[in-house]
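So you can see what is in the structure, the chains are spelled out below.
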Amino acid sequence: MDVLRIEGNGPLKGTVSASGAKNAVLPIFAACLLTAEECTIENVPDLSDVRFMGEILKALGASVKRVSPGVWKIKAEQIGHVAPYELVRKMRASICVMGPLVGRLRRARVSMPGGCVIGQRPIDLHLKGLARLGCKIGIHGGYVEVDGSAIHGDYVFLGGRQGPTVTGSENMIMTAVLTPGVTRIESAACEPEVQDMCEMLVKMGAKIEGIGSHYLKITGVEALGGCTHRVVPDRIEAGTLMVAGAITGGDVTVENVIPGHMRSLIDKLEECGVTCEPDPVKQKIRVIGDKPRKSVDIVTLPHPGFPTDLQAQMCALMAVTPGLSIVTERIYPNRFMHVPELQRMGADIAIEGPSAIIHGVEGLSGAPVMASDLRASAALVLAGLAASGETWVQRIYHLDRGYDRLDVKLRALGATIDRMPVESMPVSYIDE
Ligand code: EPU
């Protein structure tokens, strides 16, 4: 197992490129199950979650090949309808194979995803949507069993207590594109990753109106064909790199980013005193953090609100920004696993219900810390870049699930960050 050793050494400077979006490529891989023809997916990030999704598609019978860096070819000529526990339990996002299986085969047997460290993540809305389309749903032995033999288009309302559901909307869309009749989805999620998947489905022959809005009208077609699709840039990775520029007082340009996807982050960084120069034509954003910062309040919301997947990174930034900041999590009210680790580095943060109350301190001091989930890991890396002394981040397999060589990208910007075997850590730091 590897760890990251980080030494805070001042402003990061230079240009770095964001990879393709993890949360777009996962449903896009699943969408390949909707056709017997070959799909070519480009700009695929090199992530353990992506490789794992490839394994799930293979287990379902698809041929999955990485033909060159970033380019995958997927052909789901003949597929089965069972996604087993051994695979689904390892990655929650694998639930997004359910929609295409029901769409194409009219049935699916998919293991229920289990618990999750960032909070409760039920799939009731996914199932409610399928039931509205006339599917019979049963839960037996830990599996969701969907019988879609009488499936038909209908109205589906997908709003939940925390707003629309991203993967639930993706599942519903992937079922509806091959469902006879018209399906109208209200309160659909409109995250850029959902839009990207819809754009790929349209290339495959799907009829979807309202892409990018909360109201989608989908007219079912008999069959879909193959296509070539380039995955949208990862706005969360780009945002993490932007915060790296800000937290170190640096001057970082992030390329391969769509500035229109970054408005809520740009807004908060500017309010905080960080200069952001978005260039929508060249698809890049320059972040200059040379001025004193001031604290800002943040509330996470569905897109276009501030993304929950950048909340932990902003907590790290606010931890070293003078003043009082209240960061409220409206999507996953318990997603604060990074806070105790930031406290170990000297951050002054209290959790009150769904909010982190952060008093910015002058500096953090490096410490051995433990990654608990993907975005918490990123927050600890950012904190390490701003801290004095050495920070050792353990359990970085969480980071590798969703960041394409973050350590290499940060090193290219001048960070002192090294990946090494856990045995290289001072013995007293190693978590048993
Ligand atoms: N929810 C329900 N019922 C459902 C589905 C969701 O109550 O049937 C609730 C959830 O508990 C949560 C809220 O609705 O409170 C939003 O959940 P959503 O379904 O939108 O989340 P998701 O699709 O499971 C995706 C991303 C997450 C990201 C969220 C929110 C993927 C693979 N995952 O999850 O990404 O945080 O949307 O934007 O797209 C990450 O990348 O680190 C990550 C966790």
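Residues numbered from 1 in each chain as written. Predicted model: local features only at pLDDT ≥ 70, side-chain atom pairs only at ≥ 80, totals over all residues. Heavy atoms only, no water.

Chemist: Before we go on, may I ask you to explain the nonpolar core in this structure?
Modeler: The nonpolar side chains of soluble globular proteins are, as a tendency, buried together. In terms of nonpolar packing, the biggest core is built from 74 residues, with Phe29, Ile41, Val97, Met98, Ile173, Val177 and Leu201 touching the most fellow members. When residues in this core are grouped by element, the largest group, 7 residues, is from helix 1 (residues 22-31). Discounting chain neighbours no more than four positions away, the residues touching Val177 are Leu34, Leu201, Ala206, Ile208, Ile218, Thr219, Gly220, Val221 and Leu224. Counting 68 residues, the second-largest nonpolar core is a separate cluster that includes Val257, Val274, Cys315 and Ala319. (Core = buried A, V, L, I, M, F, W, Y, C linked by side-chain atoms within 4.5 Å. Buried < 20%, exposed > 50% of the residue type's maximum accessible area, 1.4 Å probe, protein only. Helix = DSSP H or I, 4+ residues; strand = E, 2+ residues; numbered from the N terminus. Contact = heavy atoms within 4.5 Å.)

Chemist: Would you explain the sheet that holds strand 25 (residues 390-394) in this entry?
Modeler: Strand pairs in the sheet, formed through backbone hydrogen bonds, run parallel or antiparallel to each other. Pairing is mixed in the open sheet, where 4 strands are placed in the order 24-25-1-26. Because the sheet does not close on itself, it has two edges, and the strands there are strand 24 (368-370) and strand 26 (416-421). Within the sheet, the average angular offset between the axes of one strand and its neighbour, ignoring direction, is 25 degrees. Seen against the sheet, helix 12 (residues 374-386) touches strand 1 (2-7), strand 24, strand 25 and strand 26 and runs at an angle of roughly 30 degrees to strand 1. (Pairing = 2+ DSSP bridges. Axes fitted to C-alpha atoms, helices over the stretch in contact; angles between N-to-C directions.)

Chemist: What exactly am I supposed to notice about unusual backbone geometry here?
Modeler: For residues besides glycine, phi is generally negative; the peptide bonds are generally trans as well. Omega for the bond connecting His303 with Pro304 falls within 30 degrees of zero, at 10 degrees, which places this linkage in the cis form. Its place among the elements puts Pro304 in the loop between strand 20 (298-299) and helix 10 (311-319).

Chemist: Can you walk me through the domain arrangement of the protein chain in this structure?
Modeler: Accessible area lost when the parts come together is the quantity often used to give the size of an interface. Structurally, the protein chain comprises domain 1 (2-19 + 233-429) and domain 2 (22-230). Placing a centre on the C-alpha atoms of domain 1 and another on those of domain 2 gives a separation of 30 Å. If you look at the interface, domain 1 gives 25 residues, while domain 2 gives 22 residues. Buried area between domain 1 and domain 2, summed over both chains or domains, comes out near 1,900 Å², and the portion from carbon and sulfur atoms is 51%. Looking at the side of domain 1 facing domain 2, the largest losses of area belong to His303, Tyr332 and Arg401, adding up to 31% of the total buried there. Counting across the domain 1 and domain 2 interface gives 2 salt bridges. Applying the counting criterion to the domain 1 and domain 2 interface returns 7 residue pairs in polar contact (both at pLDDT 80 or more). For the side of domain 1 that touches domain 2, the elements supplying multiple residues, two or more each, are helix 12 and helix 13 (397-402). Here the side of domain 1 that touches domain 2 takes 3 residues from helix 13, the largest share from any one element. (Domains from an automatic or database assignment. Buried area = accessible area lost by both parts, 1.4 Å probe. Salt bridge = Lys/Arg side-chain N within 4 Å of Asp/Glu carboxyl O. Polar contact = N/O pair within 3.5 Å; in protein donor to acceptor, adjacent residues only side chain to side chain.)

Chemist: When you look at the site of the ligand in this model, what are you seeing that I'm missing?
Modeler: Around the ligand, 23 residues are found, and the nearest of them are Thr165, Val166, Thr167, Asp309 and Ile331. Val166 places a main-chain nitrogen or oxygen 2.7 Å from an oxygen atom of the ligand. Interatomic distance of 3.2 Å between a side-chain N/O atom of Arg335 and an oxygen atom of the ligand. Out of a free accessible area of 830 Å², the ligand has 89% covered by protein chains. Within the residue set of the shell around the ligand, elements represented by two or more residues are helix 1, helix 5 (124-132), helix 6 (166-176) and helix 12. Residue contributions to the shell around the ligand peak at 3 residues, all from helix 5. Counting contributing residues per domain, the shell around the ligand is built from domain 1 (2-19 + 233-429) and domain 2 (22-230), each supplying no fewer than three. (Near = heavy atom within 4 Å. Areas by Shrake-Rupley, 256 points an atom, 1.4 Å probe, with all protein chains shown as cover.)

Chemist: How should the side chain of Thr179 be read in this particular structure?
Modeler: The residue Thr179 is located in the loop between helix 6 and strand 13 (182-186) in this model. In terms of polar contacts, Thr179 uses its side chain to reach the backbone carbonyl oxygen of Thr175, at 2.8 Å. Setting aside chain neighbours within four positions, we find Thr179 in contact with Leu133, Ile151, His152, Gly153 and Gly220.

Chemist: Whenever I open this one, the sheet that holds strand 10 (residues 155-157) confuses me. Can you help?
Modeler: The strand order across the open sheet built from 4 strands is 10-13-15-14, with neighbouring strands paired in mixed fashion. A strand with exactly one partner marks an edge of an open sheet, and here the two such strands are strand 10 and strand 14 (207-209). Averaged over all adjacent pairs, the angle separating strand axes in this sheet is 20 degrees, with direction ignored.

Chemist: How should the packing of aromatic side chains be read in this particular structure?
Modeler: Ring pairs (aromatic) are described by centroid distance and by the angle formed between their planes. Summed over all chains, the structure comprises 1 aromatic pair. Plain terms: the ring middles of Phe29 and Trp72 are 5.3 Å apart, the flat faces sit at 55 degrees to each other, and that makes the pair tilted. One end of the pair, Phe29, is in helix 1; the other, Trp72, is in strand 5 (residues 71-75), with 43 residues separating them in the sequence. With a relative accessible area of 9%, Trp72 lands in the buried category. (Phe/Tyr/Trp six-rings, centres within 6.5 Å; stacked < 30°, edge-to-face > 60°.)

Chemist: Explain empty space enclosed by the protein to me, please; I cannot follow it from the model alone.
Modeler: To find leftover empty space, a probe the size of one water molecule is rolled over the atoms. Under the criterion given, the structure shown has 1 cavity of 30 Å³ or more. Of the voids in this model, the largest cavity is the one considered here, and its volume is about 40 Å³. The wall of the largest cavity is formed by Arg235, Ile236, His261, Met262, Ser264, Leu265, Pro307 and Leu310. At the level of secondary structure, the elements contributing two or more residues to the lining of the largest cavity comprise helix 8 (235-247) and helix 9 (263-271). (1 Å grid on protein atoms, 1.4 Å probe; cavity = no way out; pocket = protein on both sides within 12 Å on 5 of 7 lines; lining within 4 Å. Points joined across faces, edges and corners; volume = space filled by probe spheres on them.)

Chemist: Help me understand the layout of surface pockets in this model?
Modeler: Its boundaries defined by the atoms lining it, the second largest pocket holds a volume of some 170 Å³. If you go around the second largest pocket, you meet 13 residues; those closest to its centre are Val44, Asp46, Gly70, Asp404 and Arg405. Taken together, the residues that form the lining of the second largest pocket break down as 5 nonpolar, 4 polar and 4 charged. Counting only domains with at least three residues in the lining of the second largest pocket, you end up with domain 1 (2-19 + 233-429) and domain 2 (22-230). (Nonpolar A, V, L, I, M, F, W, Y, C, P; charged D, E, K, R; others polar.)

Chemist: For this particular structure, what's the right way to read the pattern of salt bridges?
Modeler: For side chains of opposite charge, pairing can occur when their charged atoms come near one another. Counted according to the given criterion, the structure contains 20 salt bridges. Among the ionic pairs, Asp154 bridges to Arg132, the shortest N-O distance being 3.2 Å. Residue Asp154 is located in the loop between strand 9 (143-147) and strand 10, and its partner Arg132 is located in helix 5; the two are separated by 22 residues in the primary sequence. With relative accessibility at 26%, the residue Asp154 sits in the partly exposed group. In this structure, Arg405 engages Asp404 in a salt bridge whose closest nitrogen and oxygen atoms are separated by 2.8 Å. Ionic contacts of the salt-bridge type, sharing partners, join the residues Arg5, Glu7, Glu390 and Asp418 into one network.

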